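Below, each chain spelled out in residue letters.
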Amino acid sequence: MFSKVYSAVIHGIDGLIVSVEADVSDGLPLFDMVGLLNSEVKEARERVRIALKNSGYMLPAKRITVNLSPADIRKEGTAFDLPVAIAILAAFGHILEENLEGTLIIGELSLNGKINKVNGVLPLVYAAKKQGFLRCVVPKDNAEEGAVVNGIEIYSVSTITEAVNLLSDFTIHKPNTIDVDRLFENPVSNEDVDFSEVAGQAAVKRAIEIAVSGMHNILMIGPPGSGKTMLAKRIPTIMPELTFEESMEISKIYSIAGLLDNRALITRRPFRSPHHSITTTALVGGGTIPKPGEISLAHLGVLFLDELPEFNKNTIEVLRQPLEEKAITISRLNATFRYPAGFMMVASMNPCSCGYYPDRNKCSCSLPMVKRYLGKISKPLLDRFDICIEAMQIDYKELQNKKDEENSSDIRKRIYKARQIQLKRYENQGIWFNSQLTPKNIRKYCKLEAKEQSLLEQAFRKMNLTARAYHRILKVARTIADLDLSERISTKHISEAICYRSIDGKYWGEM
Ligand SMILES: Nc1ncnc2c1ncn2[C@@H]1O[C@H](COP(=O)(O)OP(=O)(O)O)[C@@H](O)[C@H]1O
Ligand SMILES: [Mg+2]
Ligand SMILES: [Zn+2]
């Protein structure tokens, strides 16, 4: 007696189909599982045996062999419990073989036969659909997440008995559905903070508006108490809404990390602000059971690093590669995979340990001390900030000034327009923001006329810019022109973009 059940495993952020075969033969009573298993799957053997017993299925004294294939991929996690149980029951004739064709099964078992939710259901169901499966059987608590995927039926079950009944006749059950449009009804953060609460700092607000419009990396530098943290915390109130495509990409990552928290999809752009004590693994991902790190949880959103020099220097240096590639490659003994990490980096810092450099009346640090402090941020990392902006000390009068500051919703309206322009320009190219442009795209979409060309050339020579900086200036200029609703990049757009590259020279210039 032989049976075959389909399941799937997470590899990076994608699902791979796995087949679970069970064979029952005469011989010494034995229950064996083969096919490159880690300890979790071995434990599955015990869980399956006890869960079946407690669901009223006594296994006859036979030799049972379960094989998971392909053998060359690691099968981690607990999502194989249910498919293994079903494969065994099918081999004993409890399940109609033809119902297993075209069906993908995932679920973890409790010893009492209940089915628990598992991580990664969204990418697993997505993979099943792509491979042409007709339906998926998932744990009840993962039903909404699975139902988000179009073009495949999702059945949810909470016990082994329910699963067996379902597999004997699909027509008596109704597939799960979800109204995806409703999930997107409140796309903007409802935290009650607003940019209008920040007095002054017009230049920083402008720089943030540009950064958010094109998803450019931005560094705020300035004395303590100037409002850097306050400004950054208000970024979620102006971030553009997610397209469905973007939402799916982010949700897959949260699904694998087990951070969907009862949401069917992530419908708001992520804003992650890890503490400076974070470890490298927690920041970039990995670990023995690999998990996406903060940079992937911030994919298509913001990674806010408050007080940048307080982070472990080696930890933030690791960001350099994913900042270029917009993904992180995790290598393990027998597998290599990529997690997306297309985040916008927002960082803040004081210019020295007392915080008041270059105000020599207030700064008590010696120049070597200032240098050492600024030196915590390496040149190559600095080069990855498209925009560097000073937050000036705010004076008493400005704080008292009751003049109406612009609120987040008005800023968001301008960002929305710039965003629509980008979506339209890069339609069907997998590009959503100017910051994602490759050098080849830049040549096509950031064309300069002679006057602008010579302005940039002058700056390039005078400021001794790298090729990376050159490309970043062009991308920021593209965003500034988009905010200006101008397809042509003109001198004022280029000069403003250059300006954001020159502020770091004031601090790191002579170093
Ligand atoms: N521009 C500002 N407008 C209004 N309040 C401000 C401003 N800057 C600072 N504050 C007040 O000072 C506090 C500290 O600001 P914070 O953002 O933490 O400064 P920084 O991060 O630059 O050290 C804020 O919580 C806020 O109450
Ligand atoms: Mg702060
Ligand atoms: Zn100082």
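Residues numbered from 1 in each chain as written. Chains lettered and ligands numbered in written order. Predicted model: local features only at pLDDT ≥ 70, side-chain atom pairs only at ≥ 80, totals over all residues. Heavy atoms only, no water.

### Looking at the coordination of the zinc ion (ligand 3)
In ideal tetrahedral geometry, four donors around a metal make angles of 109.5 degrees, whereas ideal octahedral geometry with six donors gives angles of 90 or 180 degrees.
Thinking step 1. Every protein donor of the zinc ion (ligand 3) is accounted for by Cys-352 (SG), Cys-354 (SG), Cys-363 (SG) and Cys-365 (SG), and the metal-donor separations fall at 2.2 to 2.4 Å.
Thinking step 2. Spacing between the donor residues of the zinc ion (ligand 3) along their common chain follows C-x1-C-x8-C-x1-C. Of the two residues, Cys-352 is situated in the loop between strand 17 (344-349) and helix 14 (367-374) and Cys-363 in the loop between strand 17 and helix 14; the sequence distance between them amounts to 11 residues.
Thinking step 3. The exposure class assigned to Cys-363 is buried, which follows from its relative accessible area of 8%. (Donors = N, O, S within 2.8 Å, 3.2 Å for Na, K, Ca; no water. Helix = DSSP H or I, 4+ residues; strand = E, 2+ residues; numbered from the N terminus. Buried < 20%, exposed > 50% of the residue type's maximum accessible area, 1.4 Å probe, protein only.)

### A word on unusual backbone geometry
Thinking step 1. Following Ser-69, the chain continues to Pro-70 via a peptide bond in cis, the omega torsion being 5 degrees.
Thinking step 2. In this structure, Pro-358 follows Tyr-357 across a cis peptide bond, with omega equal to 5 degrees.
Thinking step 3. Positive phi, normally seen in glycine, also occurs at Gln-201, with a value near 55 degrees.
Thinking step 4. With respect to the helices, strands and loops of the structure, Gln-201 is situated in the loop between helix 6 (180-183) and helix 7 (202-214).
Thinking step 5. With a relative accessible area of 9%, Gln-201 lands in the buried category.

### Overview of the domain arrangement of the protein
Thinking step 1. Taken as a whole, the protein is organised into domain 1 (2-178) and domain 2 (195-508).
Thinking step 2. Relative placement of domain 1 and domain 2: their C-alpha centres are 43 Å apart.
Thinking step 3. In this assembly, 21 residues from domain 1 lie in contact with 24 residues from domain 2.
Thinking step 4. Buried surface at the junction of domain 1 and domain 2, summed over both partners, amounts to about 1700 Å²; 65% is from carbon and sulfur atoms.
Thinking step 5. Residue Lys-252 is joined to Asp-14 by a salt bridge in which the shortest nitrogen-to-oxygen separation is 3.9 Å.
Thinking step 6. The tally of links from domain 1 across to domain 2 stands at 4 residue pairs in polar contact (both at pLDDT 80 or more).
Thinking step 7. Looking at the side of domain 1 that touches domain 2, the elements with two or more residues in it are strand 1 (2-11), helix 3 (121-130) and helix 4 (143-147).
Thinking step 8. The element best represented in the side of domain 1 that touches domain 2 is helix 3, accounting for 4 residues.
Thinking step 9. Grouping the constituent residues of the side of domain 1 that touches domain 2 by class yields 10 nonpolar, 4 polar and 7 charged. (Domains from an automatic or database assignment. Contact = heavy atoms within 4.5 Å. Buried area = accessible area lost by both parts, 1.4 Å probe. Salt bridge = Lys/Arg side-chain N within 4 Å of Asp/Glu carboxyl O. Polar contact = N/O pair within 3.5 Å; in protein donor to acceptor, adjacent residues only side chain to side chain. Nonpolar A, V, L, I, M, F, W, Y, C, P; charged D, E, K, R; others polar.)

### Thoughts on the site of ligand 1
Thinking step 1. Among the 14 residues in the neighbourhood of ligand 1, the closest are listed as Ala-199, Gly-225, Lys-228, Thr-229 and Met-230.
Thinking step 2. Here an oxygen atom of ligand 1 sits 2.8 Å away from a polar atom, N or O, in the main chain of Gly-225.
Thinking step 3. The contact in question runs from an oxygen atom of ligand 1 to an N or O atom on the backbone of Gly-227, over 3.1 Å.
Thinking step 4. Computed on the free molecule, ligand 1 has an accessible area of 550 Å², of which 67% lies beneath the protein chains in the complex.
Thinking step 5. Per-element tally for the shell around ligand 1: the top contributor is helix 8 (residues 228-233), with 3 residues.
Thinking step 6. The class makeup of the residues in the shell around ligand 1 is 7 nonpolar, 5 polar and 2 charged. (Near = heavy atom within 4 Å. Areas by Shrake-Rupley, 256 points an atom, 1.4 Å probe, with all protein chains shown as cover.)

### What to know about the side chain of Asn-350
Thinking step 1. Inspection of the secondary structure puts Asn-350 in the loop between strand 17 and helix 14.
Thinking step 2. With a relative accessible area of 12%, Asn-350 lands in the buried category.
Thinking step 3. Reaching out from Asn-350, the side chain makes a polar contact with the side chain of Lys-228 at a distance of 3.3 Å.
Thinking step 4. Non-local contacts of Asn-350, meaning those with residues more than four positions away in its chain, are made with Ile-221, Gly-222, Pro-223, Pro-224, Lys-228, Glu-307, Gly-355 and Tyr-373.

### Quick word on the packing of helix 2 (residues 81-91) against helix 5 (residues 160-168)
Describing two packed helices takes the angle between their axes plus the distance from one axis to the other.
Thinking step 1. Direction vectors running N to C along helix 2 and helix 5 enclose 55 degrees, while the axes themselves pass 11 Å from each other. With respect to their mutual orientation, helix 2 and helix 5 come out oblique. Seen along the crossing, helix 2 lies across helix 5 with a hand that is right-handed. Here Leu-82, Ile-86 and Leu-89 of helix 2 come into contact with helix 5, specifically with Ile-160, Ala-163, Val-164 and Leu-167.
Thinking step 2. Of the residues belonging to the contact of helix 2 with helix 5, the class tally is 7 nonpolar, no polar and no charged. (Axes fitted to C-alpha atoms, helices over the stretch in contact; angles between N-to-C directions. Parallel < 35°, antiparallel > 145°, perpendicular 65-115°, else oblique. Left-handed = near helix turned anticlockwise from the far one by under 90°.)

### Description of the sheet that holds strand 10 (residues 218-221)
Thinking step 1. Taken in spatial order, the 5 strands of this open sheet run 11-14-17-10-18, and their pairing is parallel. Unpaired on one side and paired on the other, strand 11 (271-272) and strand 18 (387-390) mark the two borders of the sheet.
Thinking step 2. Taken together, the 4 bridges between strand 10 and strand 18 define a ladder with parallel strand orientation. Bridged to Ile-218 within strand 18 is Ile-387.
Thinking step 3. Across the face of the sheet, helix 7 comes into contact with strand 10, strand 17 and strand 18 while running at roughly 165 degrees to strand 18. (Pairing = 2+ DSSP bridges.)

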